[in-house]
Amino acid sequence: MKMHSPWARFYSNSCCLCCHVRTGTIILGVWYLIINSVVLLILLSALADPDLYHLPNNELRNDFDFMDDANMCIATSISLLMILICAMATYGAYKQHAAWIIPFFCYQIFDFALNSLVAVSVLVYPNTIQEYLRQLPANFPYKEEIMSVNPTCLVVIILFFISVILAFKAYLISCVWNCYRYINNRNSSDVLVYVTTNDTTVLLPHYDESGSGMAKEPPPPYVSA
C-alpha cells in the first residue's frame, strides 16, 4: 500500500514549464547574486568616494540626508550577507546539499511577508499613497500625472501590481522548496517499506545491497534413482 502526503500534489520536479527545479534554483541564485554584487559595488564606491553619487539638487539632497556613513555600512553588511546566502543556495543546488538552500528559502519567506504587509497597508490605509506622493520632490517624474489619477483607481492599480509580484514570488518560493525536497529525498536512504495485510511492516533492502550480497549455494545435483 503506497501512502501519499496531502502536500505531494504541490510537488513537482520542473519549474518554468521546461527546466528542472535544480536548474531553476541555480539560475535564481545566480541572478540574486549578480544583483546584490552590483548593489555592493555601488555601496563600496559610494563609501570610497562620497562625491561620486553626490546629488546636485538641494531638495533631493535633503531627502537623502539619512544615508550617512553608518547606514551605508549597514547596507553594505546586508549586501554581503545576501551574497553569502545566494552563493550558498547556488552551491547547495549544484552540489545537492539541501541544508545550504534553507537560508535562501527563509529569505524568500521574509521578503514575501514584507511585500504582503505592504499590500495590506495599502488596502487598509489607501490615503497613505496620496500622502506619499505629496512628499515627493516637485521635479519627480510624472508626479502631477500620478496625483491626477482617481485615488480609488490608483489603489486598485497598485494592488494589482503588488498581487502580480506576490504571485511571482510565491512561484519562486515553490520552486526553491521543490528543489529542497528533491535533493533531500535524493540524498535520503533509499529504503522501501512494504505494508502487509496483517499490519506488519517489512523493510526491503537496497537494490545495490541485495545485489552485492553473497550468492546462495547451488542446490545439490539431481541424482536419478
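Residues numbered from 1 in each chain as written. Predicted model: local features only at pLDDT ≥ 70, side-chain atom pairs only at ≥ 80, totals over all residues. Heavy atoms only, no water.

The name an unreviewed UniProt entry gives the protein chain is Lysosomal-associated transmembrane protein 4B, with Xenopus tropicalis as the organism. Taken from UniProt, the Sequence similarities (unreviewed entry) comment for the protein chain reads in full: "Belongs to the LAPTM4/LAPTM5 transporter family." (UniProt positions renumbered as here; feature names shortened; annotations may be inferred.)

Draft legend 1. Summary view of the confidence of the model for the protein chain. For the protein chain, per-residue confidence averages 75 on the pLDDT scale, and 67% of positions sit at 70 or higher. The secondary-structure element of the protein chain with the lowest mean pLDDT is strand β3 (residues 192-195), recorded at 45, while helix α4 (residues 102-124) shows the highest, at 91. Predicted confidence is poor over residues 1-10, with pLDDT under 50, and the contacts of this stretch with residues over four places away or in other chains come to three contacts. Confidence over residues 190-203 falls short of pLDDT 50; this stretch has 17 contacts with residues more than four positions distant or in other chains. (pLDDT = per-residue confidence, 0-100. Helix = DSSP H or I, 4+ residues; strand = E, 2+ residues; numbered from the N terminus. Contact = heavy atoms within 4.5 Å.)

Draft legend 2. Just the UniProt feature "transmembrane region" (unreviewed entry) in the protein chain, in detail. As annotated by UniProt and renumbered to match this structure, "transmembrane region" (unreviewed entry) occupies residues 30-48, 74-94, 101-126 and 146-168. Counting secondary structure, residues 30-48 comes out at 100% helix and 0% strand; the distance between its end C-alpha atoms is 26 Å. Each end of residues 146-168 is marked by a C-alpha atom, and these two atoms are 25 Å apart; helix forms 87% of the span and strand 0%.

Draft legend 3. Structural context of the pattern of salt bridges. One pass over the full model with this rule turns up one salt bridge. Here K169 makes a salt bridge to D111, at a shortest N to O gap of 2.6 Å. Within this pair, whereas K169 is found in helix α7 (residues 151-187), its partner D111 is found in helix α4, the two being separated by 58 residues in sequence. (Salt bridge = Lys/Arg side-chain N within 4 Å of Asp/Glu carboxyl O.)

Draft legend 4. Expanded view of helix α5 (residues 127-135). For α5, the complete set of buried residues consists of I129, Q130 and L133. The arc that holds every buried residue of α5, seen down its axis, measures 95°, which confines them to one face. Relative to its buried face, α5 has exposed residues pointing more than 90 degrees away, namely N127, Y132, R134 and Q135. The inward-facing, buried residues of α5 contact α4, α6 (143-147) and α7. (Buried < 20%, exposed > 50% of the residue type's maximum accessible area, 1.4 Å probe, protein only. Arc of directions from axis to C-beta.)

Draft legend 5. Local environment of the packing of α5 against α7. As a packed pair, α5 and α7 sit with axes 9 Å apart at the nearest point and diverge in direction by 95°. Here α5 is positioned roughly perpendicular relative to α7, judged by the angle of their axes. Contacts from I129, Q130 and L133 in α5 reach P151, L154, V155 and I158 in α7. Residue classes in the contact of α5 with α7 are distributed as six nonpolar, one polar and no charged. (Axes fitted to C-alpha atoms, helices over the stretch in contact; angles between N-to-C directions. Parallel < 35°, antiparallel > 145°, perpendicular 65-115°, else oblique. Nonpolar A, V, L, I, M, F, W, Y, C, P; charged D, E, K, R; others polar.)

Draft legend 6. View of a nonpolar patch on the surface. A cluster of nonpolar side chains, contributed by V30, I34, V38 and I42, occupies part of the molecular surface with about 300 Å² of accessible area. Along the chain, V30 falls in helix α1 (residues 21-48). According to the relative accessible area criterion, V30 is partly exposed, its value standing at 34%. (Patch = residues over 30% accessible without salt bridge, like charges linked within 9 Å, V, L, I, M, F, W, Y side chains within 5 Å. Areas by Shrake-Rupley, 256 points an atom, 1.4 Å probe, with all protein chains shown as cover.)

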